[in-house]
Amino acid sequence: MTRTLGNPPPAGRSMLAAGVRGLTKTYGRGEAQVHALRGIDLDLRRGRFTAIMGPSGSGKSTLMHCLAGLDQADGGTVTVAGTDLGSLDDDALTVFRREHVGFVFQSFNLLPMLTAAQNILLPLELGGARIDDATTARAHALAETLGVADRLGHRPAELSGGQQQRVAIARALITRPALLFADEPTGNLDSTTSAEVLEHLRRSVRELGQTVVMVTHDRDAAGYADDVVTMQDGRIA
Ligand SMILES: Nc1ncnc2c1ncn2[C@@H]1O[C@H](COP(=O)(O)OP(=O)(O)OP(=O)(O)O)[C@@H](O)[C@H]1O
Ligand SMILES: [Mg+2]
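Please read all numbers here as calculations on a predicted model, not as lab measurements.

**Here's the deal with the overall build of the protein chain**
Along its length, the protein chain carries seven helices and 10 strands. Expected size for 237 residues packed as a compact globule is a radius of gyration near 18 Å; at 17 Å, the protein chain falls within 12% of this value. Each of the three principal axes of the protein chain carries a C-alpha extent, and together these read 50 × 45 × 40 Å. Out of the 237 residues in the protein chain, the part that is buried amounts to 48%. Summarising the internal contacts of the protein chain: among those between residues at least 6 apart in sequence, 72% fall at separations of at least 24.

**Quick notes on the sheet that holds strand 7 (residues 179-183)**
As a general point, the strands of a sheet are linked pairwise by backbone hydrogen bonds and lie either parallel or antiparallel. Read across the sheet, six strands follow the order 6-7-8-3-9-10 without closing on themselves; strand pairing throughout is mixed. The sheet is open, and its two borders are formed by strand 6 (101-104) and strand 10 (235-236), each paired with just one other strand. Helix-sheet contacts for helix 1 (residues 60-67) involve strand 3 (49-53), strand 6, strand 7, strand 8 (211-215) and strand 9 (227-232), and the interaxial angle to strand 7 is about 155°. Helix 5 (residues 161-173) contacts strand 6 and strand 7 of the sheet and is inclined by roughly 175° relative to strand 6.

**A few points about the coordination of the magnesium ion (ligand 2)**
Summarising the metal site, the magnesium ion (ligand 2) is bound by the protein donors S61 (OG) and Q106 (OE1), whose distances to it range over 2.0 to 2.5 Å. Pair noted here: S61 is in helix 1 and Q106 is in the loop between strand 6 and helix 3 (116-126), with a separation of 45 residues, a long-range link.

**Points about the site of ligand 1**
Close to ligand 1 lie 13 residues, the nearest being S56, G57, K60, S61 and T62. K60 has a polar side-chain atom sitting 2.7 Å from an oxygen atom of ligand 1. A distance of 2.6 Å separates an oxygen atom of ligand 1 from a polar side-chain atom of T62. Protein chains bury 62% of the 640 Å² of accessible surface belonging to ligand 1 in isolation. Elements that contribute at least two residues to the shell around ligand 1 include exactly strand 2 (34-45) and helix 1. If you tally residues by element for the shell around ligand 1, the top one is helix 1, at three residues. For the shell around ligand 1, a count of residues per class yields four nonpolar, eight polar and one charged.

**Concerning the nonpolar core**
One recurring pattern in soluble globular proteins: nonpolar side chains tend to sit buried together. Counting residues in hydrophobic clusters, the biggest one holds 38 residues, and the most contacted among them are F49, V104, I120, V167 and L180. Of all the elements in the fold, those that place two or more residues in this core are strand 3, helix 3, helix 4 (133-145), helix 5, strand 7, helix 6 (191-208), strand 8 and helix 7 (219-222). In this structure, V20, L42, I52 and F96 belong to the second largest nonpolar core, which totals 28 residues.

**Concerning the sheet that holds strand 1 (residues 16-27)**
Pairing is antiparallel in the open sheet, where four strands are placed in the order 2-1-4-5. At either end of the open sheet lies a strand with only one pairing partner, and these are strand 2 and strand 5 (83-84). Pairing of strand 1 with strand 2, which is carried by nine bridges, proceeds in the antiparallel orientation. Considered in strand 2, the bridge of K25 is made with L37.

**Topic: the pairing of strand 8**
Most of strand 8 is tucked away: five of the five residues are buried. Where burial is concerned, the two faces of strand 8 agree: the one with T211, V213 and V215 and the one with V212 and M214 are both buried. Across four bridges, the pairing between strand 3 and strand 8 is parallel. Counted as the bridge partner of F49 is V212 from strand 8. In this fold, the crossover linking strand 7 to strand 8 by way of helix 6 has right-handed handedness.

About the thresholds
Residues numbered from 1 in each chain as written. Chains lettered and ligands numbered in written order. Predicted model: local features only at pLDDT ≥ 70, side-chain atom pairs only at ≥ 80, totals over all residues. Heavy atoms only, no water. Helix = DSSP H or I, 4+ residues; strand = E, 2+ residues; numbered from the N terminus. Rg over C-alpha atoms; globule rule 2.2 N^0.38 Å. Buried < 20%, exposed > 50% of the residue type's maximum accessible area, 1.4 Å probe, protein only. Contact = heavy atoms within 4.5 Å. Pairing = 2+ DSSP bridges. Axes fitted to C-alpha atoms, helices over the stretch in contact; angles between N-to-C directions. Donors = N, O, S within 2.8 Å, 3.2 Å for Na, K, Ca; no water. Near = heavy atom within 4 Å. Polar contact = N/O pair within 3.5 Å; in protein donor to acceptor, adjacent residues only side chain to side chain. Areas by Shrake-Rupley, 256 points an atom, 1.4 Å probe, with all protein chains shown as cover. Nonpolar A, V, L, I, M, F, W, Y, C, P; charged D, E, K, R; others polar. Core = buried A, V, L, I, M, F, W, Y, C linked by side-chain atoms within 4.5 Å. Right-handed = clockwise from strand over helix to strand, strands pointing away.

The structure is reproduced here in structure tokens:
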């Protein structure tokens, strides 16, 4: 299933967008203990589209959250853009995430009181960026590509699941993150919209040199990726 579509990374920059070594994560204790990650070694190459597959509960979301600095592993190291995330305190980690990482959550995480447009612009506002006409135009163009331009004035509760998902994708892309994590980004989309979203992600890898890591259960969706990693019971299969 490996296809070579990615551009070679520019000379002088590390080939690696991110990597983990010996990553372990255990939830709960005693009888209720769950070994979500049992020692993961993984390198994510810059400018590639990687799909992570595997059964429900195999640790895909946990791995992505640790890679993105949203959750802390119990053991092992996470390196993103040459920085060991374990060396950053909470504030530094927040800034680092804002500057390098975009995340599309399995459950969207849109803010209910904000409109779609306000949700899309939120990462920029949080980063202290001035929202000028060019920025608004970019948000609109992203929404257009993702097919939600006509829903920008609506709140999440007034959008379908698929529309919320597309707003969440636009929100993750608005900062042009070098590294985009997307947890089941097409889980709630019909096959046509799903193909459009996947094509958009693939283009942003090929044309903008972005690195995309996507969890999916769908073999067709994984077919858009350059590399496919399969997880099984907290390990890379
Ligand atoms: N906050 C938590 N507390 C306790 N257990 C958790 C927590 N989060 C995840 N787990 C457990 O860790 C394991 C891995 O969960 P994870 O969400 O990473 O799986 P997944 O591969 O993303 O599954 P899915 O495909 O269903 O989204 C599962 O057994 C899950 O029940
Ligand atoms: Mg998951």
